[in-house]
Amino acid sequence: MNIILITGASSGMGVEFALQTDNIFDRVDEIWMIARRKEAMLEVAQHMDHTTRILDMDVTNDAHFERLANLLAEEKPTIRMLINCAGYGVMGKFTKLQAKEQLGMIDVNCRALTRMTYLCLPYMRKNSRIIQLASSAAFMPQPEFAVYAATKAYVHSFSRALNRELRPKRIYVTSVCPGPVDTPFFDIAEKDGKILAVKKLTMTRADKVVAQALADSYHKKEVSVYSGFIKAFHIMTKLIPHRVLLMILGCIQKP
Ligand SMILES: NC(=O)c1ccc[n+]([C@@H]2O[C@H](COP(=O)([O-])OP(=O)(O)OC[C@H]3O[C@@H](n4cnc5c(N)ncnc54)[C@H](OP(=O)(O)O)[C@@H]3O)[C@@H](O)[C@H]2O)c1
């Protein structure tokens, strides 16, 4: 049985990945959707043609991981594509935010993503794909989004290195690095009143980012960056010292 496994499939880009892979992949038998909100995934699945498996799972919960590990061991599917979308960010000064929500970002964005990748790899074959949701926040440090940006730098670095390690097996990893995308992500990110300054200028649609990510994954690209603005930002972060960019960012973000 060939499957696609998507985490964060109850909202935003995870939903978009579910809908777009449902349209594209004929030779996949089932799409497995993972998130905590079962009802939201059931609602999405109603609009899909593939057989879906809805797995209500908290990716930070050991017992839930065990349940998934057992299911995989029982069913022994071939995972054609793993899409790690589950993640969140909270903006604000490091010292003002609660420790729990900051450590939670590390648990979901880094630890769970790594664990899911590790769990799924034995079920992947030649030409299987992994799509990891990093962010343009991975490209340089982000004051007042410090832990989130650091988690995404981890995802980006990990994914690029893993792509090289897995090349001999012809398994390909793409690190997806969007700028601001119009999803419920900002309901959590901005809950403490801090608004992302560049959001108005650069906000893009989830369907476009996801279509680009799937195309880039198909073309075995290591990094997927959507929109001219974010591509320019990516190049800038390679050419200009980060201390200069941080100074400019500081001026833009001044109230
Ligand atoms: N939107 C942006 O501007 C943007 C930009 C760059 C990168 N990203 C990244 O893209 C990914 C998707 O974000 P999005 O914009 O689609 O945000 P979203 O709409 O808020 O979706 C986040 C998803 O993660 C799931 N999730 C969070 N914590 C979880 C947990 N403990 N266990 C299981 N699932 C969990 C949520 O499901 P439940 O709540 O149902 O569990 C939800 O399906 C994230 O990694 C985010 O960091 C977003």
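Criteria and cut-off values
- Residues numbered from 1 in each chain as written.
- Predicted model: local features only at pLDDT ≥ 70, side-chain atom pairs only at ≥ 80, totals over all residues.
- Heavy atoms only, no water.
- Helix = DSSP H or I, 4+ residues; strand = E, 2+ residues; numbered from the N terminus.
- Buried < 20%, exposed > 50% of the residue type's maximum accessible area, 1.4 Å probe, protein only.
- Axes fitted to C-alpha atoms, helices over the stretch in contact; angles between N-to-C directions.
- Parallel < 35°, antiparallel > 145°, perpendicular 65-115°, else oblique.
- Left-handed = near helix turned anticlockwise from the far one by under 90°.
- Contact = heavy atoms within 4.5 Å.
- Nonpolar A, V, L, I, M, F, W, Y, C, P; charged D, E, K, R; others polar.
- 1 Å grid on protein atoms, 1.4 Å probe; cavity = no way out; pocket = protein on both sides within 12 Å on 5 of 7 lines; lining within 4 Å.
- Points joined across faces, edges and corners; volume = space filled by probe spheres on them.
- Near = heavy atom within 4 Å.
- Polar contact = N/O pair within 3.5 Å; in protein donor to acceptor, adjacent residues only side chain to side chain.
- Areas by Shrake-Rupley, 256 points an atom, 1.4 Å probe, with all protein chains shown as cover.
- Expected span 1.5 Å × (residues − 1).
- Phe/Tyr/Trp six-rings, centres within 6.5 Å; stacked < 30°, edge-to-face > 60°.
- Lys NZ or Arg CZ within 6 Å of the ring centre and 35° of its normal.

K.L.:
How do you make sense of unusual backbone geometry when you look at a structure like this?
P.N.:
A negative phi holds for most residues other than glycine; trans holds for most peptide bonds. At Arg170, a position not held by glycine, the phi torsion is positive, near 55 degrees. Examined against the element boundaries, Arg170 turns out to sit in the loop between α5 (146-166) and β6 (172-176). The phi dihedral of Ser227 falls on the positive side, at around 85 degrees, and the residue is not glycine. Counting through the fold element by element, Ser227 comes out in the loop between β7 (223-224) and α9 (228-239). Taking relative accessible area as the criterion, Ser227 reaches 16% and is therefore assigned buried.

K.L.:
It is not clear to me how the packing of helix α3 (residues 62-75) against helix α4 (residues 99-120) should be interpreted in this structure. Could you clarify?
P.N.:
For any two helices packed against each other, the geometry is given by the interaxial angle and the distance between the axes. One way to put it is that α3 packs onto α4 with a least axis distance of 11 Å and a crossing angle of 20 degrees. Regarding the angle of α3 to α4, the classification is roughly parallel. Of the two possible hands of crossing, α3 and α4 adopt the one that is right-handed. Of α4, the residues touching α3 (which contributes Asp62, Phe65, Leu68, Ala69 and Leu72) are Ala112, Arg115, Met116 and Leu119. Residue composition of the contact of α3 with α4, grouped by class: seven nonpolar, no polar and two charged.

K.L.:
Can you help me understand the layout of surface pockets in this one?
P.N.:
Over the atoms rolls a probe the size of a water molecule, and its path tells where empty space is left. Reported here for the second largest pocket is a volume of approximately 470 Å³. Along the walls of the second largest pocket sit 18 residues, with Ile24, Phe25, Met81, Asn127 and Tyr218 positioned nearest its centre. The set of elements that each furnish at least two residues to the lining of the second largest pocket consists of β1 (2-7), α1 (12-24), β4 (78-84) and α8 (206-218). Take the lining of the second largest pocket: its biggest share by element is five residues, from α8. Across the lining of the second largest pocket, the residue classes tally to nine nonpolar, five polar and four charged.

K.L.:
Is there a simple way to think about the side chain of Thr183 in this case?
P.N.:
Summarising the element assignment, Thr183 is placed in the loop between β6 and α6 (185-189). Once residues lying within four places of it in the same chain are set aside, the contact partners of Thr183 are Gly12, Met13 and Ala206.

K.L.:
Can you help me understand the site of the ligand in this one?
P.N.:
Around the ligand lies a shell of 29 residues, among which Ser10, Ser11, Arg36, Tyr148 and Thr183 are the nearest. The contact in question runs from an oxygen atom of the ligand to an N or O atom on the side chain of Ser11, over 2.5 Å. Side-chain polar atom of Asp58 to a nitrogen atom of the ligand: 2.9 Å apart, as the coordinates give it. Considering the ligand on its own, with 880 Å² of exposed area, one finds that the protein chains cover 95% of that surface. Broken down by secondary-structure element, the contributors of at least two residues to the shell around the ligand are α1, α5 and α6. Grouping the constituent residues of the shell around the ligand by class yields 17 nonpolar, eight polar and four charged.

K.L.:
Is there a simple way to think about α3 in this case?
P.N.:
Each turn of an α-helix holds 3.6 residues, which means side chains three or four residues apart point in the same direction. Here α3 contains 14 residues, and its C-alpha end-to-end distance of 20 Å stays within 8% of the 20 Å for a straight helix at 1.5 Å per residue. Turning to α3, the residues buried within the fold contact β2 (30-35), β3 (51-56), β4 and α4. Lys76 lies just past α3 and shows a positive phi near 45 degrees.

K.L.:
I tried to follow the packing of aromatic side chains on my own but got confused; where do I start?
P.N.:
Working definition: an aromatic ring pair is given by the centre-to-centre distance plus the angle between the planes. What the rule picks out here adds up to five aromatic pairs. Ring centres of Tyr148 and Phe185 lie 5.5 Å apart, and the angle between their planes is 55 degrees; this geometry places the pair in the tilted category. Separated by 37 residues along the polypeptide, Tyr148 in helix α5 and Phe185 in helix α6 bring together distant segments of the chain. With a relative accessible area of 22%, Phe185 lands in the partly exposed category. Every member of this aromatic cluster is reached through a ring pair, and the members are Phe145, Tyr148, Phe185 and Phe186. Looking at Arg115, its charged tip hangs above the ring of Phe65, at a distance of 4.4 Å from the centre.

K.L.:
What is the right way to read the environment of Glu39 from this model?
P.N.:
Secondary-structure assignment places Glu39 in helix α2 (residues 38-45). Spatially, the C-alpha atom of Glu39 lies 31 Å from that of Val225, the residues being 186 residues apart in sequence.

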